[in-house]
There are 2 protein chains.
Amino acid sequence: MNTIYHLVPKEEVRARVRRLQKALRREGVEAALFVQKMDVFYLTGTLQRSYIFVPAAGEPVHLIKKDVARGARESGIDRKVAIRSRKEVPGHIRRSYGKLPRTLGLEADVLPVREWRVWEDLFPGSRLVDASALLMGLRSVKSPYEIAVMARAGKVAREVYEYGRKILREGMTEIAFAGEMMAKAFALGHEGLLRMRSLNDESYSWHILSGKSGGIVSYINAPMGGLGLSPAFPVGASRKPIRAREPIMVDFGICLRGYQVDETRMFCIGTMPKRYRDLYRAIIRVQHAILEATRPGIRGKDLFEIGLETAEREGISDIYLGPPGNKVSFVGHGIGLEINDPPFIAKRDETPLSEGMTFALEPKLVLKDEAAIGIEDTVVVTRDGIRRLTPMRQSIYHAAG
Amino acid sequence: MNTIYHLVPKEEVRARVRRLQKALRREGVEAALFVQKMDVFYLTGTLQRSYIFVPAAGEPVHLIKKDVARGARESGIDRKVAIRSRKEVPGHIRRSYGKLPRTLGLEADVLPVREWRVWEDLFPGSRLVDASALLMGLRSVKSPYEIAVMARAGKVAREVYEYGRKILREGMTEIAFAGEMMAKAFALGHEGLLRMRSLNDESYSWHILSGKSGGIVSYINAPMGGLGLSPAFPVGASRKPIRAREPIMVDFGICLRGYQVDETRMFCIGTMPKRYRDLYRAIIRVQHAILEATRPGIRGKDLFEIGLETAEREGISDIYLGPPGNKVSFVGHGIGLEINDPPFIAKRDETPLSEGMTFALEPKLVLKDEAAIGIEDTVVVTRDGIRRLTPMRQSIYHAAG
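None of the values given here were measured: they were computed from a predicted structure.

### Observations regarding the overall build of chain A
Of regular secondary structure, chain A possesses ten helices and 19 strands. Expressed as lengths along the three principal axes of its C-alpha atoms, the size of chain A is roughly 70 × 45 × 40 Å. By residue count, 57% of the 401 residues in chain A fall in the buried class.

Right, here's the structure in full:
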């Protein structure tokens, strides 16, 4: 079934592991063991249940639990062993590495305390340290393979948005419209979930906020959240019917081979009132100002500042990044295997951008109890600027409705 | 927007908190603080970012961070305070409770170790203990309100399945068919995600396995997983085109107001070959045998054993719950706000069932490299048996195709 199920190139995985080993040596961490699924996927090429042990010097070992045959076929790691339980991990490491490491990095940002204690018990002579920031730093810089997959996801997004424009009708509920877009997205290869590295946050594609839905804030760290379907799903598309001439914000991420892109466009049935069109043009200028300044070396906080200044110049500061008193302090987020990969284009992000970093830049305006207006694209930092990975037009998507 | 966004009844939330307080007293835990979103939702009625402090004796406090207005409106807890950061939690607890508890329960099964340490630092004089099993035990027994919501979700499932039968055509890919079902499900109120309490497992509705896809095992703890879309999504619907006369397993969970039901039926375009029909009848008999024995007091392991014995009598042991060498040791899982709520109808589950417990019972057969045949329904334990919450017919869903 190779034509319908693409493996991650094995050389891609090996290059990632080599970069990790270099980083471990630089940071003075003797070895690391990755347990969380997207970290394991990044370093092996498979999501089959497994662990990957990577020493700063020496050969990595991929310990595969279930399904062993699929995991072995998909893995780009040379040394693979089948295990039935994680209790077998230390023994295999000892055999392969010659000893147990004195310092072992694990993912303290996501491993539940109960799970962490199990690993402490399995490595009583090792000091467990947090290796998540180190790996996330590597993951933030994408390879040409990863950028190509994301660009492909961007093309799916473009098709889904054009389809949405064609089928949108007055009176459709936000959630029914979202469902039609999901059906199209599935047919074009969208994998359905948007993964997020978080205990309590979750992400999904169907952020369709029409008219006053766009003016509703929510628990998520975003300028607005929409009404959602119930207190248990209080974000995203709701049962509100979509009306003509309302500004409709469509923020609909796409995932392909594990890699996500995120993008937002404004839709309207008929003609959008001039005031909203003017605001849309203004927020596009904010996005362009930030993207024009983006290049290797600049920091997220510098770009965030440029956004603020441009919003000020455009006279939209009061509604920029949220209503007064409810503003967020970021305008973009890294994206890849998880929708909150580093870097963050945020007030406090000091990390200088590097070539190959990808992020979704989403300046947005919130008119409380009225509407949201915004734009979002996923871009990759190039040697001298950026390249857009969501190649869709920025003009309003007009539906005949 | 009340008619399109139903709040959890406040008396419902208060009754849950009272049950929790009784359990805290019984277990000798002085107080608990819940942080994880579904636990907080269960005990307050809102998913807005917040924490809930519940002492064994005294008044609970709901500490709401974002969005404060929405959280306050949705919460069934009387004492509510707005906070800007979790650093303010101990101060508010001291003011309300008169002191800081010596023993404080938190969710050690899901809280990342880094997060756990933050709470340790915030409560230096308190011993932090794991309160997750205690809460999950309460959550496993559903109230009449919860059962009514789940029964409503079951009716949505029934409509989605009948719709699927009508639109299924030969040559559609599994994922395209899944997308059409998702669109219908959204329009009927499905909230789109199936939440799961796990670091590495994830759940979603689109488990459509046609013909040999049903014979593919995967990393998930299930008899089969399907091919999926890529190594990053190696479970569920794939790009395989659906053919006439293939057995098609449709396992498509539905979520309403946060509550899930899970159900599986067999579909076929045209007539399913007799061998598969016979196997389907046999596995339905296994399901009925288990359900006939289900009543308060019986344990998950007893029901699991009845399933094994019935499969033996039916002559299907070799393919029951997985292919030889790859069998799972459960036949059902609790379900509610998360798809792995207790109880488990599993080889080792010793918990006696109680009235009000809900679970999805899913005996399945795997013909390696060939097909999967199975049935699944969500049921609630009643005083003298069970009631099915997925009220759909068990006969094969024939598509004209």
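### So, the sheet that holds strand β1 (residues 31-34) of chain B
All names here are of chain B. Sheet architecture is open: six strands sit in the order β4-β3-β2-β1-β5-β6, paired in mixed fashion. Both edges of this open sheet fall to β4 (80-82) and β6 (127-130), since each of them pairs with a single strand only. The sheet shows a mean angle of 25 degrees between the axes of neighbouring strands, direction not considered. As defined by bridge partners, strand β2 (residues 49-55) adjoins strand β3 (residues 61-66) across five bridges and the pair is classed as antiparallel. Residue pairing for β3: R49 is matched across the bridge by K66. Along the sheet face, helix α4 (residues 89-97) touches β2, β3 and β4 and points at about 155 degrees away from the line of β3.

### With respect to the domain arrangement of chain A
Interfaces are often sized by the accessible area lost when the parts come together. Residues and elements named next belong to chain A. Per the domain assignment, the segments of chain A are domain 1 (2-139) and domain 2 (141-399). Placing a centre on the C-alpha atoms of domain 1 and another on those of domain 2 gives a separation of 33 Å. In this complex, domain 1 contributes twelve residues to the contact, which on the side of domain 2 involves twelve residues. Looking at the side of domain 1 that touches domain 2, the elements with two or more residues in it are α1 (10-27), α2 (37-44) and α6 (132-140). Here the side of domain 1 that touches domain 2 takes four residues from α6, the largest share from any one element. Considering only residue class, the side of domain 1 that touches domain 2 consists of eight nonpolar, two polar and two charged.

### Section: helix α9 (residues 274-293) of chain A
In this model α9(A) runs 29 Å from its N-terminal to its C-terminal C-alpha over 20 residues, within 8% of the 28 Å that 1.5 Å per residue would give. Taken together, the buried residues of α9(A) touch β11 (264-269), α10 (300-314), β12 (330-334), β14 (358-361), β15 (364-367) and β16 (371-374) of chain A.

### Overview of the relation of the copies chain B and chain A
Here two copies of a chain appear, and what relates them is a rotation about an axis with a shift along it. Superposing chain B onto chain A takes a rotation of 180 degrees plus a shift of 0.0 Å along the axis, which leaves an RMSD of 0.0 Å. The relationship between the two copies is best expressed as a two-fold rotation axis. A symmetric contact is evident, with 100% of the interface residues of chain B recurring at the interface of chain A.

### As for the sheet that holds strand β4 (residues 80-82) of chain A
All names here are of chain A. With mixed pairing, six strands are arranged side by side in an open sheet as β4-β3-β2-β1-β5-β6. Either end of the sheet is taken by a strand with one partner, and the two such strands are β4 and β6 (127-130). Going from strand to strand, the sheet's axes swing by 25 degrees on average, the running direction of each strand aside. As judged from the four bridges shared by strand β1 (residues 31-34) and strand β2 (residues 49-55), these two strands associate in the antiparallel manner. Residue pairing in the sheet places A31 in a bridge with P55 of β2.

### Here we look at α10(A)
All names here are of chain A. The end-to-end C-alpha distance of α10, which contains 15 residues, comes to 21 Å, matching closely the 21 Å that a straight helix rising 1.5 Å per residue would cover. Within α10, burial applies to G300, L303, F304, I306, G307, T310 and A311. Taken around the axis of α10, the buried residues stretch over an arc of 155 degrees, which confines them to a single face.

### Describing the packing of α9(A) against α10(A)
All names here are of chain A. One can describe the packing of α9 onto α10 by two numbers: an axis separation of 9 Å at closest approach and a directional angle of 145 degrees. Here α9 and α10 pass one another in a crossing that is right-handed. Contacts from A282, R285, V286, A289, I290 and A293 in α9 reach L303, I306, G307, T310, A311 and E314 in α10. Taken together, the residues of the contact of α9 with α10 sort by class into eight nonpolar, two polar and two charged.

### Considerations on the interface of chain B and chain A
Tallying the contact residues gives 60 residues for chain B and 60 residues for chain A. Going through the elements one at a time, α2 (37-44), α3 (68-74), α5 (113-122) and α8 (174-187) of chain B are the ones with two or more residues in the side of chain B that touches chain A. Here the side of chain B that touches chain A takes nine residues from α8(B), the largest share from any one element. Of the residues that constitute the side of chain B that touches chain A, the class distribution is 32 nonpolar, twelve polar and 16 charged.

### Observations concerning unusual backbone geometry
All names here are of chain A. Backbone torsion omega between P342 and P343 reads 0 degrees, so that peptide bond is classified as cis. Mapped onto the elements, P343 comes out in the loop between β12 and β13 (344-346). With a phi angle near 60 degrees, L321 is a residue other than glycine that sits in the positive phi range. Even without being a glycine, D369 presents a positive backbone phi close to 60 degrees. Taking the number of C-beta atoms within 10 Å as the measure of exposure, D369 has 11 and is therefore exposed.

### With respect to the environment of A:L63
Along the chain, the position of A:L63 falls in strand β3 (residues 61-66). The residues contacting A:L63, other than those within four sequence positions of it, are A:S50, A:Y51, A:F53, A:V81, A:I83, A:V89 and A:H92.

### Focus on the pairing of β6(B)
Residue and element names in this part refer to chain B. Across four bridges, strand β5 (residues 103-106) lies against β6 in parallel orientation. Following the sheet pairing, G105 is matched in β6 by V129. Taking the sense of rotation as the criterion, the β-α-β connection linking β5, α5 and β6 turns out right-handed.

About the cut-offs
- Residues numbered from 1 in each chain as written.
- Chains lettered and ligands numbered in written order.
- Predicted model: local features only at pLDDT ≥ 70, side-chain atom pairs only at ≥ 80, totals over all residues.
- Helix = DSSP H or I, 4+ residues; strand = E, 2+ residues; numbered from the N terminus.
- Buried ≥ 20, exposed ≤ 12 C-beta atoms within 10 Å, placed from the backbone.
- Pairing = 2+ DSSP bridges.
- Axes fitted to C-alpha atoms, helices over the stretch in contact; angles between N-to-C directions.
- Contact = placed C-beta atoms within 7 Å.
- Domains from an automatic or database assignment.
- Nonpolar A, V, L, I, M, F, W, Y, C, P; charged D, E, K, R; others polar.
- Expected span 1.5 Å × (residues − 1).
- Least-squares fit on C-alpha atoms with pLDDT ≥ 70 in both.
- Arc of directions from axis to C-beta.
- Left-handed = near helix turned anticlockwise from the far one by under 90°.
- Right-handed = clockwise from strand over helix to strand, strands pointing away.

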